[in-house]
Amino acid sequence: MGRPYGKGHKRKKTGERYDKEEDEVEDKQVVEEDTEEEREELPELEGIPIAPSAQTLKKPGVIFVLEKASLEVAKVGKNYQILNSEEHANFLRRNNKNPADYRPDIVYQALLSILDSPLNKAGCLRAVYVKTDKGVLFEVKPYVRIPRTYKRFAGIMLQLLQKLSIAAVGKREKLLRVIKNPVTQYLPLNSRKIGFSHSSDKLVEMEKYVAGVGGDTDLVFVVGAMSHGKIECDYIDDFISVSEYPLSAAWCIARVCEAVSKKWRVL
């Protein structure tokens, strides 16, 4: 994956760089390939590149909504950070919070599963929306290249929640941006909204399920991005389960993408 880095930039402490990054993003250029020398020194992330796509969106399209994502910002020591159970367990306990509820890695893996899928690369993904457990809603463009490491992803999420948008490297286009609730105002009118829960009584084989949906209908898949519990959304048309066993959000998304890819013959 190409990274929008230039040589010679030294690493800065996490808490010092985010207030300066947004103005610097505009002047950076996308580096399509890393040289061996660039791989050895990895300056801090200053923006995110656009993934190349030569294909246009096919109709109908697919939309993913990730609900109840754990992306909470707090000041830990001198720096603001995205809270997670691994690094901030003691901080969370001191503030009477359950560390098990703070799993931003779940939404990270879910986004990788969506954006790296052949379905997206074929131009079938219309949009991705993420709603945090605090009610903040933001949009992720389908052609964003999410950082390959969680640490850089957390930095991007921190910047997004503080600045409300992330611009493309070298351009003015906003690839991630906080938007107004509710998410339903951004969903196509002619769409089937499908939610997932292991506790659902409707256990389906995903390939047969999507095959039964009309060919002119947009598909909206609503997946929980939390460690436990069930999503509760009044806009969902159908709640289904895709396995006899509890699945992670990333695995659930992988099954969905594979089933829709076969329906639309995306290899």
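Computed from a predicted structure; not experimentally measured.

What counts, and at which threshold
Residues numbered from 1 in each chain as written. Predicted model: local features only at pLDDT ≥ 70, side-chain atom pairs only at ≥ 80, totals over all residues. Heavy atoms only, no water. Phe/Tyr/Trp six-rings, centres within 6.5 Å; stacked < 30°, edge-to-face > 60°. Helix = DSSP H or I, 4+ residues; strand = E, 2+ residues; numbered from the N terminus. Buried < 20%, exposed > 50% of the residue type's maximum accessible area, 1.4 Å probe, protein only. Lys NZ or Arg CZ within 6 Å of the ring centre and 35° of its normal. Expected span 1.5 Å × (residues − 1).

**Examining the packing of aromatic side chains**
Line of reasoning, step 1. Going through the model one piece at a time under the given rule, you end up with six aromatic pairs.
Line of reasoning, step 2. Judged by centre distance (5.7 Å) and plane angle (25 degrees), the rings of tyrosine 129 and tyrosine 186 are stacked. In this pair, tyrosine 129 is assigned in strand S4 (residues 125-132) and tyrosine 186 in the loop between strand S7 (174-179) and strand S8 (191-196), connecting sequence segments 57 residues apart.
Line of reasoning, step 3. For tyrosine 186, a relative accessible area of 27% puts it in the partly exposed group.
Line of reasoning, step 4. Centroid distance phenylalanine 196 to phenylalanine 221: 6.0 Å. Interplanar angle 40 degrees. Geometry classified as tilted. Placement of the pair is phenylalanine 196 in strand S8 and phenylalanine 221 in strand S9 (residues 218-224), with a sequence separation of 25 residues. For the pair shown, phenylalanine 196 and phenylalanine 221 are each scored as buried.
Line of reasoning, step 5. Counting every residue linked through ring pairs, the aromatic cluster contains Phe64, Phe196 and Phe221.
Line of reasoning, step 6. The ring of phenylalanine 239 carries the charged tip of lysine 230 above its face, separated from the ring centre by 5.1 Å.

**Overview of helix H4 (residues 104-115)**
Residues that lie three or four places apart on an α-helix share one face, since the helix turns once every 3.6 residues.
Line of reasoning, step 1. With 12 residues, H4 extends 17 Å from end C-alpha to end C-alpha; this agrees with the ideal 16 Å at 1.5 Å per step.
Line of reasoning, step 2. Where burial is concerned, most of H4 is hidden: 10 out of the 12 residues are buried.
Line of reasoning, step 3. Listed in full, the buried residues belonging to H4 are Pro104, Ile106, Val107, Tyr108, Ala110, Leu111, Leu112, Ser113, Ile114 and Leu115.

Just geometry here; none of it tells us what the structure is for.
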